Amino acid sequence: MSYNFLEIEKKWQNYWLENKVFKANDNSHKPKYYVLDMFPYPSGTGLHVGHPLGYIASDIISRFKRNKGFNVLHPMGFDSFGLPAEQYAVKTGQHPKTTTEKNIVRFKDQLDNLGLSFDWDREIKTSDSNYYKWTQWIFLKLYNSYYDEKLNKAQPIEKLKIPTNISQEKMDEFIDSKRLAYVDVIDVNWCEELGTVLANEEVIGGLSERGGFPVVKKPMRQWVMRITDYADRLLEDLDDLEWPESIKLSQKNWIGKSEGAQIKFEVNKKNFVEVFTTRPDTIYGATYLVLAPEHPLIPIITSTTNKKEIDQYIHQTSMKSDLERQESEKSKTGVFTGAYALNPMSKKKMPIWISDYVLYSYGTGAIMAVPAHDERDYEFAKKFNLEITRVIEGGEDVDCYTGDGKIINSENYNGLDNQEFKIIVVDFLEKQKKGEKKVNYKLRDWIFTRQRYWGEPIPILYDGEKKKDLEYEDLPLKLPEVESYLPTKDGSSPLARNKNWVSVQKDGKEYLRETNTMPQWAGSCWYFLRFLDPLNDNEFANKDIIKYWMPVDLYIGGAEHAVLHLLYARFWHKVLFDLSLVNTSEPFKKLVNQGMILGNSAFIHRIKNTNDFISFDLIKGHETQKIHVDISMVDEKNNLDIKKLQKSNPEFEDVNFVYEKSFIVSRDIEKMSKSRYNVVSPDEICKKYGADTLRLYEMFLGPIDQSKPWNTSGITGVFSFLNKFWNLFHTNGKFHVNDEKPNDQILKSYHKVVKKVNSDIENFSFNTSVSAFMICINELSSLGCKSKDILANLCILLSPFAPHICEELWSLLGNKNSISYEKFPMHDEKYLIESMIEYPVSFNGKLRFKINLSASLKQNEVEDIIKNHQSTEKYLNGNSIKKIIFVPKKIINVVC
RNA sequence: GCUCGGGUGGUGGAAUUGGUAGACACGUUGGACUUAAAAUCCAAUGAGCAGUAAUGUUCGUGCGGGUUCAAGUCCCGCCCCGAGUACCA
């Protein structure tokens, strides 16, 4: 008989909600702890079993910290602007607001069913105008700030020193060129299928991150954020963060700092080609230059004889999409300009070429090619038969050597170490005014506008080309109603359809509104600040409250946001910090990535060009096509319920199923999603086993940061553990405990689990804590423990993992308060040492114990325990102890 | 290609960081209860060999070497899988 989890769980969920048990206090004498989840996008499918993984982990930490005496803030909200709601709106004509709100209700309900300890009084939605008012306000802060190179921080635009004696127009231009949010006509990533521009971070291998549609480069007028000014600080401050190394590394790579030199190559008296290189030491091996096809110098220096060929080449490459450009990676293409430049060191004449393997967007858009020591240059030189000169000794067995070595073929400098020579070259060129030390970044400015409906409107007005920012009183600038949410192919925003909204009178003047919207990342750049003070009408959050709670002590979410959300949020936060609006330079102190829970998709196979579906066991020799089927149509042994399938989908009524005994499907592990028909909802599990079981099971599945396929087969083990726990303190269905003092064996078992759980939670090793509980309950069962004290402490210990059952047992013990703020139990070292010395490690006549001393016991106390323990006697074999040697923290040698 | 992770029973995964390898759970097998099934409980369960048995013994953490009294863990050289990234000069 299982305990009545349905009744118990509902009861406690209501109790927590009604009594606001998890309400965080903004001024408390307790130390604070801010636990944050990456808030979800409320999709139409609701939660699947993968979502709660991170939420359960953060909830365990929240509850643990509460029991440890911290004032815990654990809020939740919704990142409710975004593409899917809009795409759904385009399809059905329903307002995205309506569907989003419906989805949020469903999400909240599902979250509450899991017993998560959120402070719902602080709920926020990014699409709520009370929220995006402040997103717009921060946007204007960025618009009205510039980066002061000397102070190395952002400053209000009023402090900017503007050159005098220039026209008003020039002045405006100058100011605009310094703003952190600025407008520029630049080559952007245009995705026609999505009808919008995308940030560099949202393009992966020439395809859109969302949907995988082709992206082309196209010059457009866009709002851009000057994130590049922060490149160095975003890089350096990573060192102090407790983040997974892999995430730090991704951010480092994305920022892509490289140190080298910028060198001028003279073409004629008037013109020179400037290049960036990290290898100035190879300058004697630079035998030609290459310009990107977009390079502005090309029309100036090209000889008339080659003009036709060059124009054709430039035209060709401009037609290529990013994807096509990458595909042609293997074979290099290019044309000769007919012009030459002078190598400032070797004084040799170098031909200038044009090729698309040089990117205009990186460095100076031009390179000095050193074919002997750079693989791309080598390939190009081979193809076009250009000179290859070795200038570094080493790698004789390869055609192209990229390592270090002694300098050769470099006139007076031969024999030097190449790293040494690097410095000499830069010094020499600096004196000649032909070059300088230079740092380059891969990071580009953040393209900020989207040509979409369902996002924050940008609070800017236009009077022709002249911009005017809205004032505080004008915020929020609410999203207008439009006839159609459909994006346009020409790149204008759906907001432009509402003509009444677009034209506006202000101070007796006619203006037009900006019609683009902000990207989805905008709302999530600062939401963790709004949670601190969500109802504040006068500021985005009160300064004292910010000072109390920030930074976020623990941030839990998926690793897929490594360079998107996490980089943008850090950038905004640093701007707010520079403007003294927040008190920390980094928002998230510790970051933990939960792994993804994958789905176990099922497939049926159609024989190509027929209407026959063949069972997977008979598939050999057939060419087939895989089609997803809903996993609810399939049993554990991979048998397909054909009737059920045909009933739910009439498409399959007229097809022929070929099989022997039963129709077998094939399986594959994939990301969980509606389109793959492999979604498992937590609701069914909660109904069948309860939320406590689901919580424990998800934690038991494996290490929190690991991705793993969902598989329900082991859930009975966790479920029966909870029942054992319940039944241990029940006799014939009645609650049954006693006041007896627990014996040593019980205490040993109890202290073992206390220690394990304490250290495991700190290390995010939740799977092993669950195991430790199971062992403990098994041991206590066989020892027949019914001790009141033990139960009380076990309830507190287990409550972060399985809060409902613990609250119930806690109240059965006669307690009136929620368990949520009870003191977390601590272990007694004495009992642990005894169990550790039961298994000594011995060799060479010495008896050794491996004991992890955690300092609460003194050395002589440990000695006494060892001397008096029965198992010591057994291992000593009649010898007596002469000496006990303590090696710090690790092994104890007993010499006999 | 480069950069990170990671390879342990039939499965998910433990192993106090160099000290009993396989905790815990699933699965499987056998047993108890039951008219029967479900549920529950008990026992066995890395592989091999010997033994009626208790037990003994050999092999065993992707492969090949090495360091050490002792290696899943450290070092060297390979193989495979996963993730990220991609002409960044």
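Use the structure listed above.
Note that the coordinates shown come from a computational prediction; the quantities given were computed from them, not determined experimentally. Residue positions are given per chain, counting from 1 as you read along its sequence in written order. The order in which chains are written sets their letters, starting at A; the order in which ligands are written sets their numbers, starting at 1. Per-residue local features of the predicted model are confined to residues with pLDDT of at least 70, and side-chain atom pairs are confined, for both listing and counting, to 80 or more; whole-chain, interface and lining totals are unaffected and use all residues. As a rule here, side-chain values come from all non-hydrogen atoms in the structure, and water together with hydrogens is ignored.

(A) Structural detail: the overall build of chain A. Each helix and strand counted, chain A has 29 helices and 35 strands in total. Overall size of chain A, expressed as C-alpha extent along the three principal axes, is 100 × 80 × 75 Å. To sort residues, take the accessible area from a 1.4 Å probe on protein chains only and compare it with the maximum for the residue type: under 20% means buried, over 50% means exposed, and anything in between is partly exposed. Evaluated residue by residue, chain A yields a buried proportion of 53% over its 896 residues. It only takes one pair of heavy atoms within 4.5 Å for two residues to be counted as in contact. When contacts within chain A are restricted to residue pairs at least 6 apart in sequence, long-range pairs at least 24 apart make up 73% of them. Only carbon and sulfur atoms are counted for the fraction: they give 49% of the accessible area of chain A, which is about 42,200 Å². Charge counting follows a simple rule: Lys and Arg are positive, Asp and Glu are negative, and His as well as the terminal groups are ignored. By convention, the charge on Lys lies at NZ, on Arg at CZ, on Asp at CG and on Glu at CD. Of the side chains in chain A, 119 bear a positive and 123 a negative charge, and the two mean positions are spaced by 2 Å. A run of H or I in DSSP counts as a helix once it spans at least four residues, and a run of E counts as a strand once it spans at least two, with each numbered from the N terminus. Accessible surface is estimated by sampling points in the Shrake-Rupley manner with a 1.4 Å probe; for residues, cover comes only from the protein chains shown.

(B) View of the environment of Pro244. Of note, Pro244 is situated in the loop between helix 7 (231–236) and helix 8 (245–255). Along the sequence, Pro244 and Val592 sit 348 residues apart, while their C-alpha atoms lie 6.9 Å from each other.

(C) Layout of the sheet that holds strand 9 (residues 216–225). Think of it this way: DSSP has to see at least two bridges between two strands before they count as a pair. With antiparallel pairing, four strands are arranged side by side in an open sheet as 6-5-9-17. Two strands in the sheet have a free side with no partner beyond their single neighbour: strand 6 (196–198) and strand 17 (446–447). The pairing of strand 5 (residues 181–191) with strand 6 spans three bridges and is antiparallel. What sits directly across from Cys191, in strand 6, is Thr196. Its contacts with the sheet put helix 5 (residues 129–143) on strand 5 and strand 9, and the angle it makes with strand 9 is roughly 95 degrees. An axis is simply a line fitted to the C-alpha atoms; with a helix, the fit covers only the stretch in contact. Between two such axes, the angle follows the N-to-C directions and lies from 0 to 180 degrees.

(D) Structural detail: the environment of Lys30. Within the secondary structure layout, Lys30 lies in the loop between helix 1 (5–18) and strand 1 (32–37). Taking the C-alpha atoms as reference points, Lys30 and Arg66, 36 residues apart in sequence, are found 9.9 Å from one another. Once you skip the residues sitting within four places of it in the chain, Lys30 turns out to touch Gly69, Phe70, Asn71, Tyr548 and Tyr821.

(E) Representation of unusual backbone geometry within the structure. That bond from Leu475 to Pro476 is cis: its omega, -5 degrees, falls within 30 degrees of zero. In this structure, Pro476 sits in the loop between strand 19 (466–469) and helix 14 (499–502). Cis geometry is found at the peptide bond from Met550 to Pro551, where omega equals 0 degrees. Despite not being glycine, Lys20 shows a phi value in the positive range, around 45 degrees. Summarising the element assignment, Lys20 is placed in the loop between helix 1 and strand 1. For Lys20, a relative accessible area of 43% puts it in the partly exposed group. The backbone of Glu411 sits at a positive phi, close to 50 degrees, despite the residue not being glycine. Inspection of the secondary structure assignment puts Glu411 in the loop between helix 12 (375–384) and helix 13 (418–432).

(F) Representation of the nonpolar core in the model. Core analysis: the largest hydrophobic core is formed by 176 residues, its most contacted members being Trp446, Trp572 and Leu640. The residues contacting Trp446, other than those within four sequence positions of it, are Ala199, Trp223, Val224, Met225, Ile227, Pro519, Trp521, Cys525, Tyr568, Phe571 and Trp572. Nonpolar cores were defined as sets of buried Ala, Val, Leu, Ile, Met, Phe, Trp, Tyr and Cys residues, with membership established by side-chain atoms within 4.5 Å. In terms of nonpolar packing, the next biggest core, distinct from the first, is built from 35 residues, Val335, Val370, Phe421 and Val426 among them.

(G) Here's a closer look at the pattern of salt bridges. Salt bridges, as used here, are contacts in which a Lys or Arg side-chain nitrogen is within 4 Å of a carboxyl oxygen on Asp or Glu. For the structure on display, the rule yields 32 salt bridges. A salt bridge links Glu514 to Arg221; the nearest nitrogen and oxygen atoms lie 3.3 Å apart. One end of the pair, Glu514, is in the loop between strand 21 (509–513) and helix 15 (521–524); the other, Arg221, is in strand 9, and 293 residues separate them in sequence. Accessibility expressed as a relative area gives 2% for Glu514, which makes it buried. Residue classification places Arg221 among the partly exposed positions, given a relative accessible area of 34%. The partner of Lys574 in a salt bridge is Asp237, and the shortest N-O contact between them spans 2.4 Å. Taken together, the positions of Lys574 in helix 18 (residues 565–578) and Asp237 in the loop between helix 7 and helix 8 put the pair 337 residues apart, joining distant regions of the chain. Overall, Lys574 belongs to the buried group, its relative accessible area being 0%. A cluster of three or more residues bridged by salt bridges with shared partners is formed by Asp237, Arg570, Lys574 and Glu586.

(H) Layout of the side chain of Asn516. Take Asn516: it is sitting in the loop between strand 21 and helix 15. Within the structure, Asn516 has its side chain in polar contact with the side chain of Gln451 (distance 3.5 Å). Sequence-distant contacts of Asn516, that is, excluding residues within four places in its chain, are made with Thr449, Arg450, Gln451, Pro457, Ile458 and Ser493. By the criterion applied in these results, polar contacts are pairs of N or O atoms within 3.5 Å in which, for protein atoms, one can donate a hydrogen and the other can accept it, and in which residues neighboring in sequence qualify only through two side-chain atoms.

(I) Here's a closer look at the sheet that holds strand 21. Spatial ordering of the open sheet is given by 19-18-21-20, a layout of four strands whose pairing is antiparallel. With one partner strand each, in any of the chains shown, strand 19 and strand 20 (503–506) form the two edges of the open sheet. The average angle at which neighbouring strand axes cross in this sheet is 45 degrees, direction not considered. Bridging between strand 18 (residues 460–463) and strand 21 involves two bridges; their strand directions are antiparallel. Each residue of the ladder has a partner; that of Tyr462, found in strand 21, is Leu512.

(J) Structural view of the side chain of His74. With respect to the element layout, His74 can be found in the loop between strand 2 (71–73) and helix 3 (83–92). A distance of 3.2 Å separates polar atoms of two side chains, one belonging to His74 and the other to Asp37. For His74, the side chain forms a polar contact with the side chain of Ser58, separated by 3.3 Å. When residues no more than four places from it in sequence are discounted, the contact partners of His74 are Val35, Asp37, Ser58, Asp59, Ser62, Arg66, Ser117, Phe118 and Asp119.

(K) Layout of the packing of helix 21 (residues 691–700) against helix 24 (residues 766–783). Close contact between helix 21 and helix 24 brings their axes to 7 Å; oriented N to C, the two are set at 120 degrees. In terms of orientation, helix 21 lies oblique with respect to helix 24. Of the residues in helix 24, those in contact with Leu696, Met699 and Phe700 of helix 21 are Phe766, Asn767, Val770, Ser771 and Met774. Orientation categories follow fixed angle ranges, with anything under 35 degrees roughly parallel, anything over 145 roughly antiparallel, 65 to 115 roughly perpendicular, and all other angles oblique.

(L) Region of interest: helix 4 (residues 96–113). One fewer than the residue count of a helix, multiplied by 1.5 Å, yields its expected span. Taking 1.5 Å per residue, 18 residues should reach 26 Å; helix 4 reaches 26 Å between its end C-alpha atoms and fits that length. Here the buried face of helix 4 lies against helix 2 (52–67), helix 3 and helix 20 (682–689). Backbone geometry just after helix 4 places Gly115 at a positive phi near 70 degrees.

(M) The packing of aromatic side chains, seen in detail. Two rings belonging to Phe, Tyr or Trp (six-membered ring only in the last case) form a pair when the distance between their centres is within 6.5 Å. Interplanar angles under 30 degrees mark stacking, angles over 60 mark edge-to-face geometry, and anything in between is tilted. Within the structure shown, the criterion is met by 57 aromatic pairs. Each ring, one from Tyr453 and one from Trp454, has its centre 6.5 Å from the other, and the planes form 20 degrees; the classification is stacked. As far as the burial class goes, Tyr453 and Trp454 line up, both buried. Arranged with centres 4.9 Å apart and planes meeting at 50 degrees, the rings of Tyr453 and Tyr485 form a pair that is tilted. Remark: Tyr485 occurs in the loop between strand 19 and helix 14 and Tyr453 occurs in the loop between strand 17 and strand 18; sequence separation between them is 32 residues. You'll find Tyr453 and Tyr485 in the same group, each marked buried. Ring pairing ties together the aromatic residues Phe139, Tyr143, Tyr147, Trp223, Tyr230, Trp446, Phe448, Trp521, Tyr568, Phe571 and Trp572, which thus form one cluster. Taking NZ or CZ as reference, Arg179 lies 3.9 Å from the ring centre of Tyr143, over its face. Working rule: Lys NZ or Arg CZ, within 6 Å of ring centre, within 35 degrees of ring normal, means a charge sits over the ring. Here the basic side chain of Arg513 rests over the ring of Trp501, its NZ or CZ set 5.1 Å away from the ring centre.

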